[in-house]
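Listed here are the chains, written in short residue letters.
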Amino acid sequence: MEYRRMSPEAKAAFLAKQGLQVSLAGAEEKLSQLDRGHGQHTAVDLGIPTMRGDR
């Protein structure tokens, strides 16, 4: 059925479904990125904490 001929309820359901599909695609892409980066962790030097008076 054409979108412009759908009832408001059908349009809402259609848009909700599209939103979920976009969210799912984004989540799958993020998981894929995490999988590709597995084992490639690098150390970050955060420095030594100091008290405010120690500066």
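Small disclaimer: the values here were computed from a predicted structure and weren't measured.

Asks: Summarise the overall build of the protein; cite the residues concerned and give the values.
Replies: Check the secondary structure of the protein and you find 1 helix and 0 strands. For 55 residues, the compact-globule estimate of 2.2 N^0.38 gives 10 Å, and the C-alpha radius of gyration of the protein, at 24 Å, exceeds that figure by more than 25%. The principal-axis extent of the C-alpha atoms belonging to the protein is close to 70 × 35 × 10 Å. By residue count, 2% of the 55 residues in the protein fall in the buried class. The averaged location of the 7 negative side-chain charges in the protein is 9 Å from the averaged location of its 8 positive side-chain charges.

Asks: I'd like a description of the packing of aromatic side chains, backed by residues and values.
Replies: For any pair of aromatic rings, geometry is given as the distance between the ring centres together with the angle between the planes. By the definition in use, this model includes 1 aromatic pair. Measuring from centroid to centroid gives 5.7 Å for Y3 and F14, while their planes differ by 50°, and the two rings are tilted. One end of the pair, Y3, is in the segment before α1 (8-36); the other, F14, is in helix α1, and 11 residues separate them in sequence.

Asks: Could you give an account of the pattern of salt bridges, with specific residues and numbers?
Replies: Tallied over the entire structure, the rule returns 2 salt bridges. The salt bridge partner of R4 is E2, with a shortest N-O separation of 2.6 Å. Its relative accessible area of 62% is what places R4 among the exposed residues. Residue E29 pairs with R36 through a salt bridge whose shortest N-O separation is 3.5 Å.

Conventions used here
Chains are numbered independently. Their residues run from 1 in the order of the written sequence. Under the rules for a predicted model, residues below a pLDDT of 70 receive no local features and side-chain atom pairs below 80 are neither given nor counted, while totals for whole chains, interfaces and linings still include all residues. In computing side-chain values, all of the structure's heavy atoms are included and hydrogens and water are not. To qualify as a helix, a DSSP run of H or I must reach at least 4 residues; to qualify as a strand, a run of E must reach at least 2; elements of each kind are numbered from the N terminus. Atoms considered for the radius of gyration are the C-alpha atoms alone. The globule rule reads 2.2 Å times the number of residues to the power 0.38. Categorising residues by exposure relies on relative accessible area from a 1.4 Å probe, with only protein chains included: less than 20% of the type maximum marks a residue as buried, more than 50% marks it as exposed, and the intermediate range marks it as partly exposed. Positive residues here are Lys and Arg, negative ones are Asp and Glu, while His and the chain termini are left out of the count. Every charge is mapped to an atom, namely NZ of Lys, CZ of Arg, CG of Asp or CD of Glu. By convention, a stacked pair of Phe, Tyr or Trp rings (six-membered ring in the case of Trp) has centres within 6.5 Å and planes under 30 degrees apart, an edge-to-face pair has planes over 60 apart, and any other such pair is tilted. Whenever Lys or Arg places a side-chain nitrogen within 4 Å of a carboxyl oxygen from Asp or Glu, that contact is recorded as a salt bridge.

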